[in-house]
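For reference, the chains in residue letters:
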Amino acid sequence: MTHSLSPDAPIGVFDSGLGGLSVLRHARAALPAEDFLYVADSGFAPYGERSTDWIRARSAVLGEFLLDHGAKALLIACNTATAAAAQALRERWPALPIIGMEPAVKPAVAATKTGTVGVLATTGTLASSRFAALLDTFGRDIHVVTRPGSGLVEAVERGDFDSPDTRALVASHVEPLIAEGADVIVLGCTHYPFLRPLIEQAAGPAVRVIDTGDAVARQLARALGRAGLLRSGHHGGERFWSSAPPPQRSAALQRLWGQDATVEPLTG
Ligand code: DGL
């Protein structure tokens, strides 16, 4: 086993790109003493239309990279990679705490008054057996309307959060959910929280938008606590890698995380 399970080791986080930063900001707030290693696989984004086998193999490469850099736990900050690869990664590293993401169907079912919930996620997540199982467990008695948010991941990766084109694209995904009667919309992809203002505007004030970043950060803290791996007495920091080509590599990530983020190239 290549990883060291010590409380002083960092937490490894990965996503197909910048979306996982929406989860990292919650994890950063919940766990101020932890160091985080973040891999943005932007050079290969989006994952949403790729095969399960491809995502599984790529997730193993990124997991291995993070473990080689000393990670004591993995946070898969990507719904699509969780659906495709979480089980395989857990089988590969059984002693390692591995936290994944899934669309917040359960809280949405608890919150809906109309009995209709909308889920925006990638094609890969919506087509996965994990998502089918989630609907089977929590979505039986309500109407769940799903919609692949085609083009939204690319808009976030481009740093296009507010152009007329992005507004129109967001509206084209949100309006059909509202037309079906949804009063809750689940953001089932970690890129979408960066478009939340546009999603809320398109949905209107009567619709609640749910994102899982906060809940996952708490789950990560609990998992580390259970494993005796919580760090304390330290001011945590972050280290970033990206597979994006040099012109976008730093700019895109810094726009979302802050100008002082240093982004190292991820090769391979
Ligand atoms: N951020 C991702 C997710 O949560 C993946 C998006 C993609 O690359 O298609 O599903």
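Residues numbered from 1 in each chain as written. Predicted model: local features only at pLDDT ≥ 70, side-chain atom pairs only at ≥ 80, totals over all residues. Heavy atoms only, no water.

1. Focus: the packing of aromatic side chains
How two aromatic rings sit relative to each other is given by the distance of their centres and the angle of their planes. Following the criterion strictly, the structure yields six aromatic pairs and no others. Relative to Trp241, the ring of Phe65 has its centre 5.0 Å away and its plane inclined at 85°; by these criteria the two rings are edge-to-face. Taken together, the positions of Phe65 in helix H2 (residues 52-68) and Trp241 in strand E9 (residues 238-242) put the pair 176 residues apart, joining distant regions of the chain. Neither residue differs from the other here; Phe65 and Trp241 are each classed as buried. Chaining the aromatic ring pairs together yields one cluster made of Tyr38, Phe240 and Trp257. Over the aromatic face of Trp54 sits the side chain of Arg50, whose NZ or CZ is 4.0 Å from the ring centroid. (Phe/Tyr/Trp six-rings, centres within 6.5 Å; stacked < 30°, edge-to-face > 60°. Helix = DSSP H or I, 4+ residues; strand = E, 2+ residues; numbered from the N terminus. Buried < 20%, exposed > 50% of the residue type's maximum accessible area, 1.4 Å probe, protein only. Lys NZ or Arg CZ within 6 Å of the ring centre and 35° of its normal.)

2. Considering the pairing of strand E1 (residues 11-15)
Burial within E1 is extensive, with five of its five residues counted as buried. Because side chains alternate across E1, one face comprises the buried residues Ile11, Val13 and Asp15, and the other comprises Gly12 and Phe14, equally buried. Taken together, the five bridges between E1 and strand E2 (residues 36-40) define a ladder with parallel strand orientation. Directly across from Asp15, in E2, lies its bridge partner Ala40. Read as a crossover between parallel neighbours, the route from E1 over helix H1 (residues 21-30) to E2 is right-handed. Bridge analysis of E1 against strand E3 (residues 73-76) gives four bridges, and the strand direction is parallel. In the sheet register, Phe14 faces E3, and the bridge partner there is Ile76. (Pairing = 2+ DSSP bridges. Right-handed = clockwise from strand over helix to strand, strands pointing away.)

3. Concerning the sheet that holds E3
Taking strand neighbours across the sheet as the criterion, the six strands line up as E4-E3-E1-E2-E9-E10 in an open arrangement whose pairing is parallel. Bordering the open sheet on either side are strand E4 (98-99) and strand E10 (263-265), each of which pairs with just one other strand. Here two bridges tie E3 to E4, and the two strands are oriented parallel to one another. The partner of Leu75 across the bridge, within E4, is Ile99. The sheet strands contacting H2 are E1, E2, E3 and E9, and the helix crosses E1 at an angle near 150°. Most of the contacts of helix H11 (residues 246-257) go to E10, to which it runs at about 150°, and overall it touches E2, E9 and E10. (Contact = heavy atoms within 4.5 Å. Axes fitted to C-alpha atoms, helices over the stretch in contact; angles between N-to-C directions.)

4. Topic: the site of the ligand
Taken together, 13 residues lie around the ligand, and Ser16, Tyr47, Gly48, Asn79 and Thr80 are the ones closest in. Here Tyr47 contributes a backbone N or O atom positioned 2.6 Å from an oxygen atom of the ligand. One of the backbone N or O atoms of Gly48 is found 2.8 Å from an oxygen atom in the ligand. Bound to the protein, the ligand loses 99% of the 300 Å² it would expose on its own. (Near = heavy atom within 4 Å. Polar contact = N/O pair within 3.5 Å; in protein donor to acceptor, adjacent residues only side chain to side chain. Areas by Shrake-Rupley, 256 points an atom, 1.4 Å probe, with all protein chains shown as cover.)

5. Observations concerning the side chain of Ser242
One can find Ser242 in strand E9. Once you skip the residues sitting within four places of it in the chain, Ser242 turns out to touch Ala40, Ser42, Arg249, Val263, Glu264, Pro265 and Leu266.

6. Remarks on helix H3 (residues 79-92)
When the terminal C-alpha atoms of H3 are compared, their 19 Å separation across 14 residues agrees well with the 20 Å that a helix rising 1.5 Å per residue should span. Along H3, the helix axis deviates most sharply at Ala85, where the bend reaches about 60°. When H3 is considered as a whole, its buried residues turn out to be Asn79, Thr80, Ala81, Thr82, Ala84, Ala85, Ala86 and Leu89. Buried residues along H3 sit in contact with E1, H2, E3, E4, helix H5 (123-127) and helix H6 (129-138). (Expected span 1.5 Å × (residues − 1). Bend = angle between axes of the 7 residues up to and from the residue.)

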